Amino acid sequence: MPNGFARDAAGRLVIAGRPAEEWVADAGDTPLFVYDRALLTARAAEFRRAMPPGLRLHYAVKANPMPALLAHMAGLVDGFDVASAGELDRALKAGMDGAAISFAGPGKRDRELEAAIRAAATINIESAGEMERAGAIARRLGSPARIAIRINPPFELKGSGMRMGGGARPFGVDADQVPALLSAMHDRGELQFQGFHIFAGSQNLDASALREAQRLSLALVAELAEGAPVPPALVNLGGGFGVPYFPADTPLDVAVVGTALKTLLDARPAVLAGTMFALELGRWLVAEAGVYLCRVVDRKQSSGETFVVTDGGLHHQLAATGNFGTVIRRNYPLVNADRAEPREMAHVVGCLCTPLDRLGDNVVLGEAHVGDLIAVFMAGAYGRSASPEAFLGHAAAGEILA
Ligand SMILES: *Cc1c(COP(=O)(O)O)cnc(C)c1O
């Protein structure tokens, strides 16, 4: 059972101090995502303990944009990173100060740039054309656009689940094109330079790979900052902290990352002396706090193997079925939330009429009876909002912040 979860004396899974069945009773139905508030709080505290003092923590809203969860996160972190005007709106409604929000993502529409300028959010510029559009909108509105340049670095975060830097990418401005953008910003009152953003990769469990990416990022930013109209107020060094989705994964040692980052920042060049630094994390903050609960609808045998059929599936939790950016499908940790014993080996599948809808292949779990609850862990990030909810017309999953 993953950290933070246990069974009670009756063998039932307990989430945030109550049996899973009670959360389902509150929600009225399955499937249901339950996010444990105390685990979110503990994660943010772990970051503060491990990282250098003064390092800012940003939450990447795309990992989980549930409104109640965002409101809770707003009290734990120093800023939100959003990737659309819809997320910007949710971030503001959750109580995050506009000035503590940054907006990244290719293809920002004019109305999205306008919303960011009105909110005094920082726009992480992805191209020269985008910067000119932001400038024109700022002039029209008569209020400045706060600009950070997102750099597409000439290196990658080695061993990442998803690569977002290094080589030809739709994200950010190639490092060799950044000086021209910085020059174009001189004496332009409508474009207020804030700093830089570098995001080199995601889902990384290797502290030394993260340290190397941070070292390269800092060196690149120091070089580019020389050509900036003013020294950068804030540099967002990205994130990439991974979570152990599978039993063979070793959790990331954040203390090692923090110690290395402190050494790097202590030795930073003069041009960055007054700069604040931030890391932006999504899944590391929220993935392990979430459980996806679905109910066993049927069980059957086929060619001698047992299939446990649930009312859940990839329409809510695509990542757990191995269809969201994974090369080799592996099982997320999964249990029968209503009984631990006796155990059986079975395939746990969803209710969608597609062979892709597998929650667990050959898993050993407490014998699943029709009506039992199945709990799939690691469901706090890229779950409901990153799944094809409309596919096959089933109802949406519920969500509770416990
Ligand atoms: C997706 C994304 C994140 C969050 O990634 P995680 O792996 O969830 O931490 C952070 N920053 C940017 C720019 C992203 O695109």
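Regarding the packing of aromatic side chains
No. 1: Overall, the coordinates contain 11 aromatic pairs when judged by the stated rule.
No. 2: Between Phe 33 and Tyr 35, the ring centres sit 6.2 Å apart and the planes meet at 20 degrees, which makes this aromatic pair stacked.
No. 3: On the basis of relative accessibility, which here comes to 0%, the residue Phe 33 falls in the buried class.
No. 4: When the centroid spacing of 6.1 Å and the interplanar angle of 35 degrees are considered together, the rings of Phe 324 and Tyr 382 count as tilted. You can see Phe 324 sitting in the loop between strand E17 (305–310) and strand E18 (334–336) and its partner Tyr 382 sitting in the loop between strand E21 (373–376) and strand E22 (398–401), a full 58 residues away along the chain.
No. 5: With a relative accessible area of 31%, Phe 324 lands in the partly exposed category.
No. 6: Using a relative accessible area of 10% as the deciding quantity, one classes Tyr 382 as buried.
No. 7: Grouping aromatic residues by their ring pairs yields a cluster made of Phe 33, Tyr 35 and Tyr 292.

Thoughts on the environment of Glu 112
No. 1: Its location among the elements puts Glu 112 in helix H5 (residues 110–118).
No. 2: Remark: the alpha-carbon pair of Glu 112 and Gly 258, spanning 146 residues in sequence, is separated by 35 Å.
No. 3: Beyond its immediate chain neighbours, meaning those up to four positions away, Glu 112 contacts Ser 84, Ala 85, Phe 103 and Gly 107.

Here's the deal with the state of the cysteines
No. 1: On inspection of all chains with the given rule, the structure shows zero disulfides.
No. 2: With no disulfide of its own, Cys 294 lies closest to Cys 351 among cysteine sulfurs, the gap being 8.6 Å.
No. 3: Classification of Cys 294 by relative accessible area gives buried; the value is 0%.
No. 4: The cysteine Cys 353 is free of any disulfide, with Cys 351 supplying the nearest cysteine sulfur at 10 Å.
No. 5: Given a relative accessible area of 76%, Cys 353 falls into the exposed group.

Basis of the calculations
Residues numbered from 1 in each chain as written. Predicted model: local features only at pLDDT ≥ 70, side-chain atom pairs only at ≥ 80, totals over all residues. Heavy atoms only, no water. Phe/Tyr/Trp six-rings, centres within 6.5 Å; stacked < 30°, edge-to-face > 60°. Buried < 20%, exposed > 50% of the residue type's maximum accessible area, 1.4 Å probe, protein only. Helix = DSSP H or I, 4+ residues; strand = E, 2+ residues; numbered from the N terminus. Contact = heavy atoms within 4.5 Å. Disulfide = S-S within 2.5 Å.

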